[in-house]
Amino acid sequence: MQATRISSSALYLRSFATAALVGSARTEALSSLPGWTLSTNGSGSEAIARTFTFSDFGEAWAFMSRSALVAEKMDHHPEWFNVYNRVEVTLTTHDVAPSGGLSAKDVALARAMDGFEI
């Protein structure tokens, strides 16, 4: 097995946290996301949350599947909970310094999820 070398510049870039949405940028982003509310996640970080309700479990699952594919491509994964036709979603960015918060990644994923709503 051969060791993989990581350049110091790659390590340097990875050390930067994602920028938090604050002030007017946060207010503008939230106003563009009807149905989403400012909230906190389980560890107290600022987040946005929304509950999606579908006609049955199959539609809820299809929504989660489509959302999961986008989230994986973005490398940005939701916190969610599903019971039958309801999907509760919380979005926060864990690499916002110092302990997580709201970022443009959350807004982008929320917009994509809104587009999947049946």
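Above this note sits the structure.
Residues numbered from 1 in each chain as written. Predicted model: local features only at pLDDT ≥ 70, side-chain atom pairs only at ≥ 80, totals over all residues. Heavy atoms only, no water.

Draft legend 1. Geometry of the environment of Val-87. Mapped onto the fold, Val-87 is located in strand E4 (residues 86–91). C-alpha of Val-87 to C-alpha of Thr-51: the two residues are 36 residues apart in sequence and 5.7 Å apart in space. With residues up to four places along the chain from it excluded, the contact list for Val-87 reads Arg-50, Thr-51, Phe-52, Phe-54, Ala-60, Phe-63, Met-64, Trp-80, Phe-81 and Asn-82. (Helix = DSSP H or I, 4+ residues; strand = E, 2+ residues; numbered from the N terminus. Contact = heavy atoms within 4.5 Å.)

Draft legend 2. Geometry of the side chain of Ser-67. Tracing the sequence through the fold places Ser-67 in helix H3 (residues 57–74). Residue contacts for Ser-67: discarding those within four places in its chain leaves Trp-80, Leu-109, Met-113 and Phe-116.

Draft legend 3. View of the sheet that holds E4. The sheet built from four strands is open, its strands ordered E1-E2-E4-E3 with antiparallel pairing. Edge positions in the sheet fall to strand E1 (37–40) and strand E3 (79–83), since each has one partner strand and no second. Strand after strand, the sheet turns through a mean of 30° between neighbouring axes, direction not considered. Bridge count for E3 against E4 is five bridges, and the pairing is antiparallel. What sits directly across from Val-83, in E4, is Arg-86. In the packing of H3 onto the sheet, the strands contacted are strand E2 (46–53), E3 and E4, and the crossing angle to E3 comes to about 165°. (Pairing = 2+ DSSP bridges. Axes fitted to C-alpha atoms, helices over the stretch in contact; angles between N-to-C directions.)

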